[in-house]
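Observations on the model geometry
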Amino acid sequence: AGGAGRDEEEEPPHFENILSGDFEAKKAAKVVHPHQQFKTLLKKLLSKQIDTAHYEDELRALLGAKSFLLFTMDRLINALIKQLVVVAHNPACRKLVGLYHTAYEWSKAYPKLAKGGGEKKEEE
C-alpha cells in the first residue's frame, strides 16, 4: 500500500496533459532558467526596451524578495561604463593602461624573470 501511494506522488505534474493529448505542447515548451530570464530582462532594460518599474516588477515575480540586490544592476553597469569612458579619455589613465599591457606582455615573454627567477641567478 505504501509503494502504490509513492508511485502516485512521483507522477510528473503534466500527467493529465499526457492523457488529454497536450503532452507534445508541454514537451515542446522550453523551460528557461531564472538566470537566463534575469539576463534577458537586464539586456532589455539597458537597451531601453523596458522601463525600470517593469524591470523591478519582473524581477520580483521571478525571484521574490531576494531580487532587491538585482534592482540596482543597471545603475552599477552605467557607473562602470562612465568610469571606462573616463579611463579611455584621460591621457594619464591611457598611459597607465599602456604600462600595464607592456608589463603583462613582458611577464609572458620572460616568465622566470617576472617571478623573480632572474634575481637568484645573479646572486650565484
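**Let's talk about the overall build of the chain**
Looking only at helices and strands, the chain has 9 helices and 0 strands in total. Reading the chain from its N terminus to its C terminus gives the helix and strand order α-α-α-α-α-α-α-α-α. Here the chain, with 124 residues, has 10% of them falling under the buried criterion. In the chain, the share of contacts with a sequence separation of at least 24, taken over all contacts with a separation of at least 6, comes to 27%.

**Some thoughts on the side chain of Ser67**
By the element assignment, Ser67 lies in the loop between α5 (52-63) and α6 (73-89). With near-sequence residues (within four places) excluded, Ser67 lies in contact with Leu59 and Arg60.

**As for the environment of Phe71**
Mapping Phe71 onto the fold places it in the loop between α5 and α6. A relative accessible area of 9% places Phe71 in the buried class. Between the C-alpha atom of Phe71 and that of Ala53, which follows or precedes it by 18 residues, the distance is 9.6 Å. Setting aside residues up to four positions removed in sequence, Phe71 forms contacts with Tyr55, Glu56, Leu59 and Arg60.

Each value, and the rule that gives it
- Residues numbered from 1 in each chain as written.
- Predicted model: local features only at pLDDT ≥ 70, side-chain atom pairs only at ≥ 80, totals over all residues.
- Heavy atoms only, no water.
- Helix = DSSP H or I, 4+ residues; strand = E, 2+ residues; numbered from the N terminus.
- Buried < 20%, exposed > 50% of the residue type's maximum accessible area, 1.4 Å probe, protein only.
- Contact = heavy atoms within 4.5 Å.

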